[in-house]
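Listed below are the residues making up each chain.
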Amino acid sequence: MIFGIVIGMIMVNVAARRGYISNIRTFSDQSKLEKIGVYPEQSQPAAGRQTVYPDSIDSLALHISLIGIAILFGFILKQGLSYSEQFMPASVQRTHVLQSFPLFPLCMIGGLVLQAFLRKTNADVIADTGQMQRIAGTALDFLVVSAVASIRIEFVVAYWQPLLLLCIAGIVWNVCTVMIVAPRMFKEAWFERSIAEFGQSMGVTATGLLLLRTVDPESKSVAASAFGYKQLLHEPFMGGGIWTSLAVPLAISWGAGRLFVVCAAFLVFWLVMWLVFFRIPSATRR
């Protein structure tokens, strides 16, 4: 994750100099207050709109409660998965894959259900995008700090050799995907979209969002929405989901060689899917 942030920022600066990014301002273009991260008093933007009268409930409290409802829905789904595991074969029960299923993708499903309900009942006017963005930004800041603080230094020291090998291989692969693969895959905002994927692949989702916010702080490109929609398919399987839970048990039971073949087959499958259905002609890329 640390390498993801450091190398990611180096790549951001290189991309800015080469003109790959359209929504970023260089350090020399910024005012003195911008360089220290403070808005001028006369141009401080609003943090959001109040959608309800404060004598009933504070607007910020309402928006936090909406997020809480989505989390509660995800928690109920997780409890249901854990309960259903007892009816599955013993081989599945031994992996505890459903019990270890992460809460995050289930909360995303809860958010979609809540959003659909609010729109269906015409109650979506109580949710303000600005307030939700401020809550998301606040959560991201605390998430990054807590993720860095949770790194176990003694584990890194004890297993530094295999970790170093994995880090080098991962860094080379991810840098190549950003600089070589991404321009050929994405039609619009290729660097913004790929640097978010780079950060997530090098650490956690928070790292990807941090780098994305650096290159597109006001979400003017399609990168933020594309990254969010991708999570709906990615998180249940890869981002702490089914595959993440099964990877270690499968490596033990199948062996490294067989598992490598399976992973390579999936990689080839998705490359073929891209070539057949999603490849963008060179003349239309920008």
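Provided above is the structure to which this section pertains.
Computed from a prediction, not measured in an experiment: that's the story for all the values here. For every chain, the first residue of the written sequence is number 1, and numbering continues from 1 along that sequence. Totals for whole chains, interfaces and linings use all residues, but because this is a predicted model, local features are given only for residues with pLDDT of at least 70 and pairs of side-chain atoms are given and counted only at 80 or more. Based on all heavy atoms of the structure, the side-chain values leave hydrogens and waters out of the count.

Draft legend 1. Focus on the overall build of the protein chain. Secondary structure assignment for the protein chain yields 13 helices and zero strands. Secondary structure follows DSSP: runs of H or I at least 4 residues long count as helices, runs of E at least 2 residues long count as strands, and numbering of each begins at the N terminus. Along its sequence from the N terminus, the protein chain presents helices and strands in the succession α-α-α-α-α-α-α-α-α-α-α-α-α. Only protein chains enter the accessibility calculation, which uses a 1.4 Å probe; a residue is then buried when its area is under 20% of its type maximum, exposed when over 50%, and partly exposed in between. Split into buried and exposed, the 286 residues of the protein chain put 24% on the buried side. Whether two residues are in contact is decided by their heavy atoms: any pair within 4.5 Å suffices. Long-range pairs, those at least 24 residues apart, make up 69% of the contacts in the protein chain with a sequence separation of at least 6. Only the protein chains shown count as cover for residues, and all accessible areas are computed by the Shrake-Rupley method using a 1.4 Å probe. For the protein chain, the accessible area works out to roughly 18900 Å², and carbon and sulfur atoms hold 68% of it.

Draft legend 2. Broad picture of the nonpolar core. Joining through side-chain atoms within 4.5 Å is the link that ties buried Ala, Val, Leu, Ile, Met, Phe, Trp, Tyr and Cys residues into a set, and such a set is a nonpolar core. By size, the foremost hydrophobic cluster in this structure holds 20 residues, and its most contacted members are Met-11, Val-12, Ile-21, Phe-191, Ile-195, Phe-198 and Val-215. Elements that contribute at least two residues to this core include exactly helix H1 (2-18), helix H8 (160-185), helix H9 (190-202), helix H10 (205-215) and helix H11 (223-234). If one sorts the elements of this core by residue count, H9 sits on top with six residues. Here Phe-191 is in contact with Met-11, Val-12, Ala-15, Tyr-20, Ile-21, Val-178 and Val-215, once residues within four sequence places are set aside.

Draft legend 3. Quick peek at the environment of Val-125. Along the chain, the position of Val-125 falls in the loop between helix H5 (103-120) and helix H6 (129-149). A relative accessible area of 62% means that Val-125 is categorised as exposed. Separated by 73 residues in the primary sequence, Val-125 and Val-52 have C-alpha atoms spaced 9.5 Å apart.

Draft legend 4. Main features of the packing of aromatic side chains. Stacked, edge-to-face and tilted labels apply to pairs of Phe, Tyr and Trp rings (six-membered ring for Trp) whose centres lie within 6.5 Å, assigned for plane angles under 30 degrees, over 60, and everything in between, in that order. Counted under the stated rule, the structure contains four aromatic pairs. With a centroid separation of 5.0 Å and 40° between ring planes, the pair formed by Phe-155 and Tyr-159 is classed as tilted. Relative accessible area serves as the criterion here: at 39%, Phe-155 is assigned to the partly exposed category. Relative to Trp-270, the ring of Phe-269 lies with its centre 5.1 Å away and its plane at 70°, an arrangement referred to as edge-to-face. Using a relative accessible area of 43% as the deciding quantity, one classes Phe-269 as partly exposed. Connected via pairs of aromatic rings, a cluster forms that spans Tyr-20, Trp-190 and Phe-191. Lysine NZ or arginine CZ positioned within 6 Å of the ring centre and within 35 degrees of the ring normal marks a charge as sitting over the ring. In this structure, Arg-258 is placed above the aromatic ring of Trp-254, and the distance from its NZ or CZ to the ring centre is 4.5 Å.

Draft legend 5. A look at unusual backbone geometry. One non-glycine residue, Asn-122, adopts positive backbone phi at about 60°. Mapped onto the elements, Asn-122 comes out in the loop between H5 and H6. Here the phi dihedral of Ala-189 falls at roughly 50°; this positive angle occurs in a residue that is not glycine. Looking at the secondary structure, you find Ala-189 in the loop between H8 and H9.

Draft legend 6. Representation of the side chain of Ser-59. Relative to the elements of secondary structure, Ser-59 occurs in helix H3 (residues 59-84). The residues contacting Ser-59, other than those within four sequence positions of it, are Arg-49, Gln-50, Thr-51, Val-52 and Gln-131.

Draft legend 7. Highlighting the packing of H8 against H9. Running from N to C, H8 and H9 point in directions that differ by 165°, and their axes come no closer than 10 Å. Considered as vectors, H8 and H9 are oriented roughly antiparallel to each other. Taken as a pair, H8 and H9 cross one another with a handedness that is right-handed. Across from Gly-170, Ile-171, Asn-174, Val-175, Val-178, Ala-182 and Pro-183 in H8, the residues of H9 making contact are Trp-190, Phe-191, Ser-194, Phe-198, Ser-201 and Met-202. Axes here refer to lines fitted to C-alpha atoms; in helices the fit is confined to the stretch in contact. Angles between the N-to-C directions go from 0 to 180 degrees. Any angle from 65 to 115 degrees is called roughly perpendicular, while one under 35 is roughly parallel, one over 145 is roughly antiparallel, and all others are oblique. Crossing handedness is defined as follows: a turn of the near helix away from the far one that is anticlockwise and smaller than a right angle gives a left-handed crossing, while the clockwise case is right-handed.

Draft legend 8. Highlighting H9. In this analysis, the expected span of each helix is defined as 1.5 Å times one less than the number of residues it contains. Between its terminal C-alpha atoms H9 stretches 18 Å, which fits the 18 Å expected from 13 residues at 1.5 Å a residue. Counting buried positions along H9 gives 10 out of 13 residues, so the element sits mostly inside the fold. Looking only at H9, the buried set comprises Trp-190, Phe-191, Glu-192, Ser-194, Ile-195, Ala-196, Phe-198, Gly-199, Gln-200 and Met-202. Close packing links the buried residues of H9 with H1, H8, H10 and H11.

Draft legend 9. Summary view of a nonpolar patch on the surface. Think of a patch as exposed residues, more than 30% relative accessible area, with no salt bridge, where like charges cluster within 9 Å and nonpolar side chains (Val, Leu, Ile, Met, Phe, Trp, Tyr) cluster within 5 Å. Each reported salt bridge corresponds to a side-chain nitrogen of Lys or Arg within 4 Å of a carboxyl oxygen of Asp or Glu. On the surface, a nonpolar cluster with roughly 940 Å² of combined accessible area is contributed by Ile-2, Val-6, Ile-10, Val-14, Val-148, Ile-151, Ile-153, Phe-155, Val-156, Val-157 and Tyr-159. Secondary structure elements with two or more residues in the nonpolar patch: H1 and helix H7 (153-158). Structurally, Val-156 is set in helix H7.

Draft legend 10. Layout of the side chain of Ser-221. On the secondary structure map, Ser-221 appears in the loop between H10 and H11. A distance of 2.7 Å separates a polar atom in the side chain of Ser-221 from a polar atom in the side chain of Asp-216. A distance of 3.2 Å separates the side chain of Ser-221 from the backbone nitrogen of Ala-223, its partner in a polar contact. When neighbours within four sequence positions are excluded, Ser-221 is seen to be in contact with Asn-23, Ala-189, Glu-192 and Asp-216. We call two N or O atoms a polar contact when they sit within 3.5 Å, provided that within protein one can donate a hydrogen and the other can accept it, with sequence-adjacent residues counted only if both atoms are side-chain atoms.

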